[in-house]
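Observations on the three-dimensional arrangement
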Amino acid sequence: MATELVTDSARAEVLRRIRAAKGGTANAEAARAGWGAVERRYRRESTRSRDVILELLVDRLQDYDARVVRALHIDVRAVAARMLEERKAKRMVVPRGLASEWLPDGVEFVVDEEIPAAELDRVDGVMTGATLAIAETGTVVLQNVAGQGRRAATLVPDYHLCVVRVEDVVETVPEAMGRLQATAELATTFVSGPSATADIEMTRIKGVHGPRFLDIILVG
Amino acid sequence: MSGTALDPKTAPTFPMAAKTAMGDTQLRKNVRHATDVIQAKRARVVGEMPDWQELREAGKQVRQHTMENLDFYLEEFEANCTRAGGVVHWARDAEEARRIIVELVKASGSEEVIKIKSMTTEEIQLNSALEAAGIHPFETDLAELIIQLGQDRPSHIVVPALHKNRHEIRAIFQREMNLPELGDQPHDLADAARMFLREKFLRVKTGVSGANFLIAETGGVCIVESEGNGRMCLTLPETLIMVAGIDKVIPRYQDLEVLLQLLPRSATGERMNPYTSIWTGVDAADGPRVFHVVLMDNARTEILADEEARQTLNCIRCAACQNACPVYRQTGGHAYGSVYAGPIGAILTPQLQEMHYAQSLPYASSLCGACYEVCPVKINIPEVLIHLRNKVVKQNTAGVAGFFDVEAGAMKAMAMIFRSERRFRAAQRMGRVAESPLVGKDGWIGWLPGLLGGWTQVRDLQEMPKETFRDWWERRGKNGN
Ligand code: SF4
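Residues numbered from 1 in each chain as written. Chains lettered and ligands numbered in written order. Predicted model: local features only at pLDDT ≥ 70, side-chain atom pairs only at ≥ 80, totals over all residues. Heavy atoms only, no water.

For the rest of this paragraph, the subject is the overall build of chain A. When its secondary structure is counted, chain A shows 6 helices and 12 strands. Taking 2.2 N^0.38 as the reference for a compact globule, 220 residues should give roughly 17 Å; the C-alpha atoms of chain A span a radius of gyration of 22 Å, well beyond that estimate. Projected onto its principal axes, the C-alpha positions of chain A cover 65 × 50 × 40 Å. Counting over 220 residues, chain A shows a buried share of 57%. (Helix = DSSP H or I, 4+ residues; strand = E, 2+ residues; numbered from the N terminus. Rg over C-alpha atoms; globule rule 2.2 N^0.38 Å. Buried < 20%, exposed > 50% of the residue type's maximum accessible area, 1.4 Å probe, protein only.)

Written as structure tokens, this is what we have:
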């Protein structure tokens, strides 16, 4: 309780200082109008053709060490089977609501019912869908919704197989933020390649704490 | 010098510290190498963007607009974050922020915390406060881990251990993690960090972090990182305690479309950093169950009150100005005596000290303008530097004789140049032209001073500096200054 009292007066004091510093209290109307007046002359729509955008996404994902395979809807299961085999993944976590027709036989899929982190650490990987992908930056966007699940589940396992639908691919970051606006409050993670660091001599090296291996199946 | 915190109140003046740093050839080599690599990467991915200048302009306007309405956006953030289950605290200064955080950690029932890299926690020297209260902080960012285990200090705001090369890092890990066989390939070192920290991520129940952006519209927070240690600290602990300067707020979710393009390309030269997390409040199944945000002033309102320096607050901490700065590239970060080094440190640090300490930092620049050119939110650092030099001179004309007095006149001339766009460009061009012969001869040493060399450079536009820093320094030393 003591803390609350202290920060109450701190709150009043900090706000008072801010108002004194800029000579007045900001009002909502003026703030909204001022925000609307910000010049946004940067690209906000796609400029490339669909084919070029998809190629760009593949190229940018690969540039950041993700492995990408394109597949038709009916082939997702077979492609997934091959990729899981190559990664020697036998036991995979999946979020609730992941399309069951994507899941190949011969692999154990454990549905994430709030699996404790220590247990997530013992599976071979995680397989999810995605909300969207951004071609220009090679980014896959995950949200806490059916088919993508909790953030911990795509973080603790060492391998992530992610299925992205072509209709969810946008070219630029502004297009992506536009699509995400309606669900802005959901837990959202932008993933651009496997976990990496540049902390040692500024060389991008794969793999610190997140999944060290990222495979993408681009469907459609 | 290792082990002691970077505290502007006790740090030696920049010229003194710079001289020591200049004697460390290994450090200079490491800094040079790292900043070369990062600058080349940045140039490549910035060059890919046909609308980079438009993005910079939008970034500048968004930040400027935020500062003009700061009280409104902070209150909006507070209301929305609270609605989503977060608890918002306010701190007038570092002392108050430390006290709140220590109490919150204690209340969480944990004697250990896992930490995401945060320059704000470095600014308030949080780790020593936690330790004094019997709480053990584990740094989880690779560079911060290197710093913590090596009892070193951060020298760069994005890559705090940039002054260490892989051999030095290996030696630290071998010793501190008890891994005598450890190799020196970067992936060996990354794997060692993964092993070392995994157990802590799974065990420790309280996380402490900074923030990149607080979103007023939603009450959400955005954290930008590379390694996944941030995601670990945000999702696995039960309690998350975040400390953020009041300058970290942004108006709307949509503003991220600008800032998330500017920041990664400027900071690490990547089109996008590996992981960006955006979330709102608490979530028992997917993130912290208890979430505290400490909104800290710590002299930021002083900066806000100074109209000419206010743009300092627009900074998004990308460190592009550090990488581009010929002075920083010579001295490394520690010479600045502050966790904020390089050009941004030269303007931010003395202001955070309300101009009482770190008065030599506004002089730690040759005013070549490279920082302004790369800044993703177009902060005119040279202009602010000159403004602060003026302030320092004014403060010191009350009798303290030093190099400040000598420059009072020159300062006004400089201010004029930087206010006139045309003259500023001419000066900048000269800077560029002068670059090549100097690099060949003495590797920028002629540029280090910013004390006298800097003036000569810009005032006598046709001439090269007549005196190198070394000559100047030696002569100065003899005069007993
Ligand atoms: S001043 Fe500009 S370039 Fe320097 S760290 Fe801040 S945002 Fe980046």
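And the narrative resumes.
A tally of regular secondary structure across chain B gives 23 helices and 10 strands. Considering chain B as a whole, with its 481 residues, one finds that 67% of them fall into the buried category. Of the contacts made within chain B by residues no fewer than 6 positions apart, 75% connect residues no fewer than 24 positions apart. Surface exposure of chain B reaches about 16,300 Å², of which carbon and sulfur atoms provide 50%. (Contact = heavy atoms within 4.5 Å. Areas by Shrake-Rupley, 256 points an atom, 1.4 Å probe, with all protein chains shown as cover.)

Attention now goes to the sheet that holds strand S2 (residues 112–115) of chain B. All names here are of chain B. Spatial strand order, S1-S10-S7-S4-S2-S3: 6 strands in an open sheet with parallel pairing. Strand pairing shows two members of the sheet lacking a second neighbour, strand S1 (87–91) and strand S3 (136–139), which therefore form its edges. Looking at each pair of strands side by side, their axes are set apart by 25° on average, direction ignored. Across 4 bridges, the pairing between strand S4 (residues 206–209) and strand S7 (residues 239–245) is parallel. Bridge assignment links Thr-206 to a residue of S7, and that residue is Thr-239. Set on the sheet, helix H4 (residues 70–83) makes contact with S1 and strand S10 (290–296); between it and S1 the angle comes to about 145°. (Pairing = 2+ DSSP bridges. Axes fitted to C-alpha atoms, helices over the stretch in contact; angles between N-to-C directions.)

As a further point, take empty space enclosed by the protein. All names here are of chain B. Under the defined criterion, the tally for this structure stands at 7 cavities of 30 Å³ or more. Estimates place the volume of the largest cavity at around 640 Å³. Lys-117, Ile-157, Val-158, Asn-212 and Val-224 are the residues nearest the centre of the largest cavity, which is lined by 36 residues in total. Mapped by element, the contributors of at least two residues to the lining of the largest cavity are helix H6 (119–123), strand S6 (220–225) and helix H12 (256–267). Considering only residue class, the lining of the largest cavity consists of 16 nonpolar, 10 polar and 10 charged. (1 Å grid on protein atoms, 1.4 Å probe; cavity = no way out; pocket = protein on both sides within 12 Å on 5 of 7 lines; lining within 4 Å. Points joined across faces, edges and corners; volume = space filled by probe spheres on them. Nonpolar A, V, L, I, M, F, W, Y, C, P; charged D, E, K, R; others polar.)

Okay, the domain arrangement of chain A next. Accessible area lost on assembly of the parts is the figure often given for the size of an interface. Here the domain parsing of chain A yields domain 1 (2–36) and domain 2 (50–219). Centre-to-centre separation of domain 1 of chain A and domain 2 of chain A, based on C-alpha positions: 41 Å. (Domains from an automatic or database assignment.)

Let's shift gears to the nonpolar core. Judged by nonpolar contacts, the single largest core of 164 residues is most densely connected at B:Phe77, B:Phe173 and B:Leu256. Residue contacts for B:Phe173: discarding those within four places in its chain leaves B:Leu142, B:Leu145, B:Ile146, B:Leu149, B:Asn178, B:Leu179, B:Leu182, B:Leu189, B:Ala192 and B:Ala193. (Core = buried A, V, L, I, M, F, W, Y, C linked by side-chain atoms within 4.5 Å.)

What follows deals with the site of the ligand. In the neighbourhood of the ligand, the contacting residues comprise B:Ile157, B:Cys315, B:Ile316, B:Arg317, B:Cys318, B:Ala319, B:Cys321, B:Ile344, B:Cys375, B:Pro376, B:Ile379 and B:Ile381. Looking at the shell around the ligand residue by residue, the class counts come to 11 nonpolar, no polar and 1 charged. (Near = heavy atom within 4 Å.)

For the rest of this paragraph, the subject is the interface of chain B and chain A. Contacts between the two partners involve 100 residues from chain B, matched on the other side by 80 residues from chain A. Each partner contributes to the roughly 8,200 Å² buried at the junction of chain B and chain A, and carbon and sulfur atoms together form 55% of this total. Considering only the side of chain B, the residues that lose the most area to chain A are B:Arg194, B:Tyr253 and B:Arg271, jointly responsible for 9% of the buried surface there. In this structure, the connection of chain B to chain A is made through 16 salt bridges. With its nearest N and O atoms 3.3 Å apart, the salt bridge here joins A:Arg44 to B:Glu257. Between the two partners, chain B and chain A, sit 42 residue pairs in polar contact (both at pLDDT 80 or more). Here the side of chain B that touches chain A takes 11 residues from helix H10 (residues 186–203) of chain B, the largest share from any one element. Of the residues that constitute the side of chain B that touches chain A, the class distribution is 45 nonpolar, 21 polar and 34 charged. The pairing of strand S9 (residues 188–191) of chain A with strand S9 (residues 275–280) of chain B spans 4 bridges and is classified as antiparallel. (Buried area = accessible area lost by both parts, 1.4 Å probe. Salt bridge = Lys/Arg side-chain N within 4 Å of Asp/Glu carboxyl O. Polar contact = N/O pair within 3.5 Å; in protein donor to acceptor, adjacent residues only side chain to side chain.)

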